[in-house]
Amino acid sequence: MRDHPLHHRKSIRLRGYDYSQAGLYFITICAHERLPLFGEVIDAKMRLNDAGQIAYDEWGKTAKMRDAIQLHAFVVMPNHTHGIVEIKHRDALQASGALGVDDGRVQRASTVGDVLRGYKSAVTKRINQLHNITTGNRIWQRNYHEHIIRNEEAYLKIADYIQTNPQRWGDDVYYV
């Protein structure tokens, strides 16, 4: 009997890379089955529905909950989100007191995976509450896409891509 193919999926992460190290990461998270759960693009502007507003609001809350990150450009599209997450340098966090013990809670540097698990979980919980669903409603596709931003030129191109994504919606790879 063969094992289920999902148990042998190839990792999309860069082998051996430490995703808790300081740096900038371009993130794309897709809605389950790429369904347009978050609103629609009208006249090249994203119009968020209630679920889209939740996805937008929770992104902002993510940075408030984690001293180890800073959020940059972000957009919610009908069936996905794009954002740039910065993991701050550990030495700077230690110097500021963000690592160590704070109010009895141990603070630690975040990984990209930590940040996105928390975000996806919070959005799912709030959307399910909105629709009075207690469990089982899938909002997100499994996993996420990430790209390590290696220099300022790449950062500027990616930030522009994120900010102008609604204007190019008809040509977007995620367009439905």
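Residues numbered from 1 in each chain as written. Predicted model: local features only at pLDDT ≥ 70, side-chain atom pairs only at ≥ 80, totals over all residues. Heavy atoms only, no water.

A. Examining the packing of aromatic side chains more closely. Throughout the structure, instances matching the rule amount to 7 aromatic pairs. Residues Tyr56 and Phe74 carry aromatic rings whose centres are separated by 6.3 Å and whose planes lie at 40° to one another, so their mutual orientation is tilted. Linking Tyr56 in helix H1 (residues 50-65) with Phe74 in strand E4 (residues 69-76), this pair joins segments that are 18 residues apart in sequence. Centre to centre, the rings of Trp59 and Phe74 are 4.5 Å apart; their planes meet at 5°, and the pair counts as stacked. In this pair, Trp59 sits in helix H1 while Phe74 sits in strand E4, placing the two residues 15 residues apart along the sequence. (Phe/Tyr/Trp six-rings, centres within 6.5 Å; stacked < 30°, edge-to-face > 60°. Helix = DSSP H or I, 4+ residues; strand = E, 2+ residues; numbered from the N terminus.)

B. Local environment of the sheet that holds strand E1 (residues 23-30). Pairing in this open sheet of 4 strands is antiparallel, and the strands run E4-E5-E1-E8 from one edge to the other. Looking at the sheet topology across the chains shown, the edges are occupied by E4 and strand E8 (145-149). In this sheet, neighbouring strand axes are inclined to one another by 20° on average, regardless of whether the strands run parallel or antiparallel. Two elements, E1 and E8, share 5 bridges in a ladder whose sense is antiparallel. The residue of E8 that forms the bridge with Ile27 is Glu146. In the packing of H1 onto the sheet, the strands contacted are E4 and strand E5 (80-87), and the crossing angle to E4 comes to about 170°. Each of E1, E4, E5 and E8 is contacted by helix H4 (residues 152-163), which is oriented at about 150° to E5, the strand it contacts most. (Pairing = 2+ DSSP bridges. Axes fitted to C-alpha atoms, helices over the stretch in contact; angles between N-to-C directions. Contact = heavy atoms within 4.5 Å.)

Function-wise, these values are silent; they only describe arrangement.
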